[in-house]
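# Observations on chain architecture
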Amino acid sequence: MKIDSIYELDLIKLERSFYSKNAVRLSKDLLGKYLIHSMDDKLLIGKIVEVEAYMGFGDKAAHSYKGKRTARTEVMYGEEGHAYVYIIYGLHHCLNVVAAKEGIAQAVLIRALEPIKGIDIMAFYRYGDILEEPTSRQLINLTNGPGKLCKAFNITKECNGEDLTGNRLYICRNKNQVDKFDIVETTRVGVDYAEEAKYFPWRFYIKDNPYVSVIV
DNA sequence: ACTACGATTAAA
DNA sequence: TTAATCGTAGTC
């Protein structure tokens, strides 16, 4: 049974002020919200189920640690509520939501989504094939990781800097807020190099959601 | 110009 | 456990 057959989705776009808070607060607030990629003839919707906060200046795991400002990190220094997309390991994209306010380079990494709408299209971007009936393994692997969800949602460097209050890539809340969930708080993934920052509990996910990437 | 490495993934 | 794979950033 699809989730939108259980309750009606009535999506309302988040406004700029929603993003005007530090990355830890924003990351928790983003759980349970809906990421939407509206392309010419395709619509993709996924529920945000796992996030990580990158707190900028004092955070050794952040690209903007100690105020490091380069062409890549520039959008993090800009207005909140924009997308920061970068390529990792030369082959995967990662999607972040810029937090705080102009001049404060904080962001939230979107690590996992629960597919809601356009699953066949996600499978096409992800596996390069139209799947009539994806196996449960294929379904779970669609969006249960930061690189995977970008591939499934066709999020590339073209999306870097995109205004998330616009009409192409944006985030919504459900007006029929029937969603209740517990939040698990733990350490971030893939930041072993970050000394004391690797122990900061800035990864958050929806407890028991099957699309969460890795349970440590 | 040269070089090392990473907010990951898939396969072994 | 390890290879894949290259943009980014630090150094020369």
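Residues numbered from 1 in each chain as written. Chains lettered and ligands numbered in written order. Predicted model: local features only at pLDDT ≥ 70, side-chain atom pairs only at ≥ 80, totals over all residues.

So, about the overall build of chain A. For chain A, the count of helices and strands is five helices and nine strands. Taken from the N to the C terminus, the helices and strands of chain A come in the order α-β-α-β-β-β-β-β-α-α-α-β-β-β. In summary, chain A has a C-alpha radius of gyration of 16 Å against a globular reference of 17 Å for 216 residues, a match within 12%. Considering only C-alpha atoms, chain A reaches an extent of 50 × 35 × 35 Å along its principal axes. Counting all 216 residues of chain A, 41% fall into the buried class. (Helix = DSSP H or I, 4+ residues; strand = E, 2+ residues; numbered from the N terminus. Rg over C-alpha atoms; globule rule 2.2 N^0.38 Å. Buried ≥ 20, exposed ≤ 12 C-beta atoms within 10 Å, placed from the backbone.)

All right, on to the nonpolar core then. One finds Ala23, Val97, Ala99, Ala107, Val108 and Ile110 to be the most contacted residues of the largest nonpolar core, which totals 59 residues. With seven residues, strand S3 (residues 43-54) is the single largest residue contributor to this core. The residues contacting Val108, other than those within four sequence positions of it, are Ala23, Leu26, Ser27, Leu30, Val51, Glu52, Ala53, Asn96, Val97 and Ala99. (Core = buried A, V, L, I, M, F, W, Y, C linked by C-beta atoms within 7 Å. Contact = placed C-beta atoms within 7 Å.)

It is worth spelling out the pairing of strand S2 (residues 34-38) at this point. Of all five residues that make up S2, four are buried, and the element is covered over most of its length. One ladder, built from five bridges, connects S2 with S3; its direction is antiparallel. When the bridges of S3 are listed, Leu35 appears paired with Gly46. With antiparallel pairing between neighbouring strands as the criterion, S2 and S3 make up a hairpin whose turn holds four residues. Looking at chain direction, S2 and strand S7 (residues 169-174) are connected through four bridges and run antiparallel. Counterpart to His37 in the pairing with S7 is Leu169. (Pairing = 2+ DSSP bridges.)

What follows is about the environment of Gly58. The topology assignment puts Gly58 in the loop between S3 and strand S4 (83-88). For Gly58, a count of 11 C-beta atoms within 10 Å gives the class exposed.

Counting through the fold element by element, Glu162 comes out in the loop between helix H5 (146-152) and S7. Assessed through the 20 C-beta atoms surrounding it within 10 Å, Glu162 is described here as buried. If we skip the residues at most four places from it in the chain, Glu162 touches His82, Ala83, Arg168 and Leu169.

With that out of the way, let us pick up helix H2 (residues 23-30). Listed as buried for H2 are Ala23, Val24, Leu26, Ser27 and Leu30. Relative to the axis of H2, the buried residues are bounded by an arc of 165° and lie together on one face. Buried residues along H2 sit against S3, strand S5 (92-98), strand S6 (107-117) and strand S9 (203-206). Note on H2: the residue one or two positions beyond its end, Gly32, has a positive phi of about 85°. (Arc of directions from axis to C-beta.)

Let us now look at the confidence of the model for chain A. Model confidence for chain A is summarised by a mean pLDDT of 94, while 95% of its residues fall at 70 or above. Low pLDDT, under 50, characterises residues 1-6; the stretch is placed with four contacts to residues that sit more than four places away or in other chains. (pLDDT = per-residue confidence, 0-100.)

S6 sits mainly inside the fold: nine of its eleven residues count as buried. Direction of pairing for S3 relative to S6: antiparallel, over a ladder of nine bridges. When the sheet's bridge partners are listed, Ile48 is paired in S6 with Leu113. Pairing between S5 and S6: three bridges, direction antiparallel. When the bridges of S6 are listed, Val97 appears paired with Val108.

Residues in contact with DNA strand B amount to 22 residues; listed here are only the nearest, His63, Leu109, Gly145, Gly147 and Gly190. Class assignment of the residues belonging to the surface near DNA strand B gives a composition of twelve nonpolar, nine polar and one charged. (Near = placed C-beta within 6 Å. Nonpolar A, V, L, I, M, F, W, Y, C, P; charged D, E, K, R; others polar.)

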